[in-house]
Amino acid sequence: MPSFSHFFETFIDSYPVFFKGMLLTLQVTAVSILIAIFIGLFFAFLKISKIKVLEAIANVYIYIVRGTPLIVQIFIFYFGLSEYNISGFWSATLALAFHNGAYIAEIFRGTIQSIDKGQMEAGRSLGMTNALTMRRIILPQAFRRALPPLGNQFIIGLKDSSLAAFIGMYELFNVATTAGSNNFDSMTYLLIVAVYYLILVFLLTTIVSLMEKKLSASD
Amino acid sequence: MSEKREMIKIEKLNKSFGDLHVLKDIDMEVKENDVVVLIGASGSGKSTLLRCLNFLEIKNGGKIIVEGKEIDPKKDNLNKVREQIGMVFQHFNLFPHKTVLQNVMEAPLVVKRKNRSQAEKEGKELLEKVGLAEKADVYPSKLSGGQKQRVAIARALAMKPDIMLFDEPTSALDPELVGEVLSTMKQLAREGMTMVVVTHEMGFAREVGDWVFYMHDGRIVERGEPQELFNNPKEQRTKDFLSSIL
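Here is a short report on the structure shown in this document. Just so you know, these numbers come straight off a predicted model, no measurement behind them. (Residues numbered from 1 in each chain as written. Chains lettered and ligands numbered in written order. Predicted model: local features only at pLDDT ≥ 70, side-chain atom pairs only at ≥ 80, totals over all residues. Heavy atoms only, no water.)

**Observations concerning the overall build of chain A**
Argument step 1. Helix and strand counts for chain A stand at nine helices and zero strands.
Argument step 2. When the helices and strands of chain A are placed in sequence order, the string is α-α-α-α-α-α-α-α-α.
Argument step 3. Over its C-alpha atoms, taken along the principal directions, chain A stretches across nearly 70 × 45 × 25 Å.
Argument step 4. Split into buried and exposed, the 219 residues of chain A put 46% on the buried side.
Argument step 5. Partitioning the intrachain contacts of chain A with sequence separation of at least 6 by distance along the chain shows that 75% fall at a separation of at least 24.
Argument step 6. Accessible area of chain A: about 11,400 Å², with a carbon and sulfur share of 70%. (Helix = DSSP H or I, 4+ residues; strand = E, 2+ residues; numbered from the N terminus. Buried < 20%, exposed > 50% of the residue type's maximum accessible area, 1.4 Å probe, protein only. Contact = heavy atoms within 4.5 Å. Areas by Shrake-Rupley, 256 points an atom, 1.4 Å probe, with all protein chains shown as cover.)

**Side note on the packing of aromatic side chains**
Argument step 1. Scanning the entire structure with this criterion turns up 17 aromatic pairs over all chains.
Argument step 2. When the centroid spacing of 5.6 Å and the interplanar angle of 45 degrees are considered together, the rings of Tyr15(A) and Phe19(A) count as tilted. Taken as a pair, Tyr15(A) and Phe19(A) lie in helix 2 (residues 15-48) at a separation of four residues, close to a single helical turn.
Argument step 3. Relative accessible area serves as the criterion here: at 31%, Phe19(A) is assigned to the partly exposed category.
Argument step 4. Residues Phe166(A) and Phe173(A) carry aromatic rings whose centres are separated by 6.4 Å and whose planes lie at 40 degrees to one another, so their mutual orientation is tilted.
Argument step 5. Chaining the aromatic ring pairs together yields one cluster made of Phe4(A), Phe7(A), Phe8(A), Phe11(A), Phe18(A), Tyr189(A) and Tyr196(A).
Argument step 6. In this arrangement the basic side chain of Arg155(B) is found over the ring face of Phe95(B), its NZ or CZ atom lying 4.5 Å from the centre.
Argument step 7. In this structure, Arg223(B) packs its charged tip against the face of Phe213(B), placed 5.0 Å from the ring centre. (Phe/Tyr/Trp six-rings, centres within 6.5 Å; stacked < 30°, edge-to-face > 60°. Lys NZ or Arg CZ within 6 Å of the ring centre and 35° of its normal.)

**Concerning the packing of helix 2 of chain A against helix 9 (residues 186-215) of chain A**
Residue and element names in this part refer to chain A.
Argument step 1. For the pair helix 2 and helix 9, the least separation of the axes is 12 Å and the interaxial angle reads 45 degrees. It follows that helix 2 is oblique to helix 9 by the angle criterion. When the axes of helix 2 and helix 9 are compared, the crossing they make is right-handed. Within the contact between the two elements, helix 2 uses Tyr15, Phe18, Met22, Thr25 and Leu26 and helix 9 uses Tyr189, Ile192, Val193, Tyr196, Tyr197 and Leu200.
Argument step 2. Looking at side-chain class alone, the contact of helix 2 with helix 9 contains 10 nonpolar, one polar and no charged residues. (Axes fitted to C-alpha atoms, helices over the stretch in contact; angles between N-to-C directions. Parallel < 35°, antiparallel > 145°, perpendicular 65-115°, else oblique. Left-handed = near helix turned anticlockwise from the far one by under 90°. Nonpolar A, V, L, I, M, F, W, Y, C, P; charged D, E, K, R; others polar.)

**Comments concerning the interface of chain B and chain A**
Argument step 1. Contact with chain B, which involves 25 residues of that partner, is made by 20 residues of chain A.
Argument step 2. Summed over both sides, the interface between chain B and chain A buries roughly 1,900 Å², with carbon and sulfur atoms accounting for 57% of that surface.
Argument step 3. Counting across the interface, chain B meets chain A through two salt bridges.
Argument step 4. As a salt-bridge pair, Glu106(B) and Arg136(A) come within 2.7 Å of each other at their nearest N and O atoms.
Argument step 5. Counting across the interface, chain B meets chain A through seven residue pairs in polar contact (both at pLDDT 80 or more). (Buried area = accessible area lost by both parts, 1.4 Å probe. Salt bridge = Lys/Arg side-chain N within 4 Å of Asp/Glu carboxyl O. Polar contact = N/O pair within 3.5 Å; in protein donor to acceptor, adjacent residues only side chain to side chain.)

**Some remarks on the sheet that holds strand 5 (residues 69-70) of chain B**
Strands in a sheet are paired, the pairing made by backbone hydrogen bonds, and the direction either parallel or antiparallel.
All names here are of chain B.
Argument step 1. Pairing is antiparallel in the open sheet, where four strands are placed in the order 2-1-4-5. A single partner strand is all that each edge strand has here, and the edge strands are strand 2 (20-31) and strand 5.
Argument step 2. Here helix 1 (residues 46-53) sits on the sheet and contacts strand 1 (6-17), strand 2 and strand 4 (61-66); the angle it forms with strand 1, its principal contact strand, is near 120 degrees. (Pairing = 2+ DSSP bridges.)

**A word on the sheet that holds strand 10 (residues 219-224) of chain B**
All names here are of chain B.
Argument step 1. In spatial order, the strands read 6-7-8-3-9-10; together these six strands make up an open sheet with mixed pairing. Of all the strands in the sheet, the pair left with one neighbour each is strand 6 (85-88) and strand 10. For this sheet, the mean angle separating the axes of adjacent strands, direction not counted, is 20 degrees.
Argument step 2. Pairing of strand 3 (residues 35-40) with strand 9 (residues 211-216) involves five bridges; the strand directions are parallel. Paired with Leu38 across the two strands is Phe213, which belongs to strand 9.
Argument step 3. Against the sheet, helix 1 makes contact with strand 3, strand 6, strand 7 (163-167), strand 8 (194-198) and strand 9, and its axis sits at roughly 150 degrees relative to strand 7, the strand it touches most.

**A word on the pairing of strand 2 of chain B**
Argument step 1. Sheet analysis places strand 1 of chain B next to strand 2 of chain B, joined by eight bridges and oriented antiparallel. Within strand 2 of chain B, the position partnered with Ile10(B) by the bridge is Met28(B).

What follows is the structure, given as structure tokens:
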């Protein structure tokens, strides 16, 4: 184990390169999660559509995502998309969105279905259409209920973005392993990168719990 | 005396859930300003009948004529029909993520596309009417059951319906909160609202009802003016029911 003073000095000295890696990690995570939310909503709607074909499509998608390792998915996206001149950044981001989308779809499906059916009836009885009631009444409540598990999924997404290192993305984890082997000091750099991840997860958790608080005004 | 307008007329209405035949050849009419009270044991089909009237349940057979127009659930725009028919539910079904005033304003804003200030003004008037003006900015979770139900009545009235349906509006309330809801409903009846009410409150049926329909096993077994039906029931099943509850 490195001494604390060595760890601290290295932490300070390596700050510029880790900061760059952190920005890339944040970009990959933020963009992939954002896309994953839309993918998740889309497939959640397919699953609750009560139309067999659409449900089957959603089930196959979720089955594939759950049934294969993320690292395999990332490589398939990377090699598959390289033909179309799509960058490593977008390969990794889309692979992560594809992956997280399946889990987010299940989160949204569960919370939408957990909203009391009286809410839909109340909306319909007032002359609101199915879609309007979904948008104005059901989804806001479902989204609020989804926040805690979504926050969890965001954290998983953030940590999983480290796998983008394996297709050459110079994000946090790659910065740590590269600097570690260049300096023959892997342990120090791995501990440093662990601290970076902990700080990011802490910030993400705080943001999600602030949102929860804001949305729970009606409780 | 001029003939009162026919608000709802149903002929040979049938409704099944799978093998369960819930409504059997129901005929019924509701005239303008009438308060029709549906009574009967649980499972007799009262609530299903009410829910067929605003197409929350879709009939399997028969005719439903609303304000002179036969409604075909497949062809007609049911949302338009529902705008004319307000509904109050046993479990209130208020929108928990919206304040009391927002609950009342929601449908006028998004369905009738009223402008916000107009919807707000009318919403506040309705809350005043049900005695909850001071609760306008409170969320439903902070209200008692009776207050929730009065908000639900105001929310339904906000669409200016011609007919109001009440599905056991006091059944989920603590006994001491029943009175405030019933008196709001009485006030509506006095103002001439056409109402169809499913209830176990026989006092209300007697006092406010113009007509009382007794339902048993998916049929309307007996119908009459409240005095007559409660004091001189003709059918044995009505007598049995009334003696079991009174």
